[in-house]
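One letter stands for each residue in the lines below.
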Amino acid sequence: MEDNGVIQNFGGTAVHDCWGAYWKFKDILHAVCCAHLLRELIANIENNPTHIWAERLKDLLITMKTAKEQAIEECRTELSEKLIKALKKEYDEIMAYANMGCPPPDKIEPKKRGKKKKGKERALIDRLIKLKDSVCLFIHNFLVPFDNNQAERDLRNVKTKAKVSGCFRTKAGAQTYLTITSYLSTARKHGINEFEALALAFKGETEKVLI
């Protein structure tokens, strides 16, 4: 992760799933991808249909997302403090309910080594309690997206290319492909037509796209 030269030079907020390695980078802000959380919550609903906390939290995340989208449509740059407080209070109430409905495992019996396995549901509950601020960051800061789907879409065409071609023949060829793809992706995000972006590149005016 360090060798690819991205994350240690990153100056924004990293939106990602809860893989432990990401959290070792302390000099950046972290936000949890709520699309990943929704998939985990849906799986928990299917596997534990009587544990309604997951359904409630899923609905709350969607409510948060909708509230933010509506605010943006109304040209607002933030949610009211009153609304944020109410949403986060409901989050706490749901997690308190989850904590009671699926309590931590009892301490391991004497003479047995190691920790008692939590199970997926309990591990998810612990993570949601611990990472509350990172889960809810997108309603505090409108520059932070609800999910990291855009980043995954940017990477998906690389996998498609590899499937079609089987592989890249040389490292230089792969790097050239990635450079061009990244440049065009940046152009699209800035609302610049791809043909126009390529024309600017041939004129040596890529700064009009990249800056």
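What counts and what doesn't
Residues numbered from 1 in each chain as written. Predicted model: local features only at pLDDT ≥ 70, side-chain atom pairs only at ≥ 80, totals over all residues. Heavy atoms only, no water. Buried < 20%, exposed > 50% of the residue type's maximum accessible area, 1.4 Å probe, protein only. Helix = DSSP H or I, 4+ residues; strand = E, 2+ residues; numbered from the N terminus. Pairing = 2+ DSSP bridges. Core = buried A, V, L, I, M, F, W, Y, C linked by side-chain atoms within 4.5 Å. Contact = heavy atoms within 4.5 Å. Arc of directions from axis to C-beta. Phe/Tyr/Trp six-rings, centres within 6.5 Å; stacked < 30°, edge-to-face > 60°. Lys NZ or Arg CZ within 6 Å of the ring centre and 35° of its normal. Axes fitted to C-alpha atoms, helices over the stretch in contact; angles between N-to-C directions. Parallel < 35°, antiparallel > 145°, perpendicular 65-115°, else oblique. Left-handed = near helix turned anticlockwise from the far one by under 90°. Nonpolar A, V, L, I, M, F, W, Y, C, P; charged D, E, K, R; others polar. Disulfide = S-S within 2.5 Å. Salt bridge = Lys/Arg side-chain N within 4 Å of Asp/Glu carboxyl O.

**What to know about the pairing of strand E1 (residues 13-16)**
Taking every second residue as pointing to the same face, both faces of E1 are buried, with Thr13 and Val15 on one and Ala14 and His16 on the other. As judged from the 4 bridges shared by E1 and strand E2 (residues 29-32), these two strands associate in the parallel manner. Following the sheet pairing, Ala14 is matched in E2 by His30.

**Some details on the nonpolar core**
Trp53, Leu57, Leu61, Met95, Leu128 and Val135 are the most contacted members of the largest nonpolar core, which has 38 residues in total. When residues of this core are traced back to their parent elements, those giving at least two are E2, helix H1 (34-47), helix H2 (53-73), helix H3 (81-101), helix H4 (120-130) and helix H6 (137-140). In terms of residue count, H2 provides more of this core than any other element does, 8 residues in total. Discounting chain neighbours no more than four positions away, the residues touching Leu128 are Leu37, Leu41, Trp53, Leu57, Tyr91, Met95 and Val135. Counting residues in hydrophobic clusters, the runner-up holds 7 residues, among them Tyr183, Ile192, Ala197 and Val209.

**Considering H4**
Regarding H4, the residues found buried are Glu121, Arg122, Leu124, Ile125 and Leu128. End-on, the buried residues of H4 take up no more than an arc of 160°, which puts them together on one face. Opposite the buried face of H4, at more than 90 degrees from it, the exposed residues are Lys120 and Lys130. Where H4 is buried, its residues contact H1, H2, H3 and helix H5 (132-135).

**Concerning the packing of aromatic side chains**
Taken as a whole and assessed by the stated rule, the structure comprises 2 aromatic pairs. Seen from their ring centres, Trp19 and Tyr22 are 5.4 Å apart, and the 85° between their planes marks the pair as edge-to-face. Assessed through its relative accessible area of 49%, Trp19 is described here as partly exposed. Ring centres 5.1 Å apart and planes at 85° place the aromatic pair Phe138 and Phe146 in the edge-to-face group. Classification of Phe138 by relative accessible area gives buried; the value is 2%. Across from the ring centre of Tyr97, 5.8 Å away, lies the NZ or CZ of Arg56, which sits over that ring.

**Considering unusual backbone geometry**
Although it is not a glycine, Cys75 adopts a positive phi angle of roughly 65°. For Cys75, the position within the fold is in the loop between H2 and H3.

**Some points on the environment of Lys203**
If you trace the backbone, Lys203 turns up in the loop between helix H9 (194-202) and helix H10 (207-210). Taking the C-alpha atoms as reference, Lys203 lies 31 Å from Val164; in sequence the two are 39 residues apart.

**Comments concerning the packing of helix H8 (residues 171-189) against H9**
The interhelical angle for the contact between H8 and H9, taken along N-to-C directions, is 125°, at an axis separation of 9 Å. Of the possible angle classes, the one that applies to H8 and H9 is oblique. Every pair of crossing elements has a handedness; the one defined by H8 and H9 is right-handed. Two secondary-structure elements touch here, H8 through Tyr183, Leu184, Ala187 and Arg188 and H9 through Glu194, Ala197, Leu198, Leu200 and Ala201. In the contact of H8 with H9, the residues fall into 7 nonpolar, no polar and 2 charged.

**Focus on the state of the cysteines**
For the structure shown, the criterion picks out 0 disulfides. Here Cys18 is not cross-linked by a disulfide; its sulfur's nearest cysteine counterpart is in Cys33, at 9.1 Å.

**Digging into the pattern of salt bridges**
Any two side chains of opposite charge can pair, given that their charged atoms come close. Tallying each qualifying case throughout the model produces 10 salt bridges. Note that Asp126 is salt-bridged to Arg122, the shortest N-O span being 2.6 Å. With Asp126 and Arg122 both in helix H4 and 4 residues apart, the pair spans about one turn of that helix. Here Arg122 falls in the buried class, since its relative accessible area comes to 3%. Linked by salt bridges that have partners in common, Glu55, Lys58 and Asp59 make up one network.

Geometry only, nothing functional implied.
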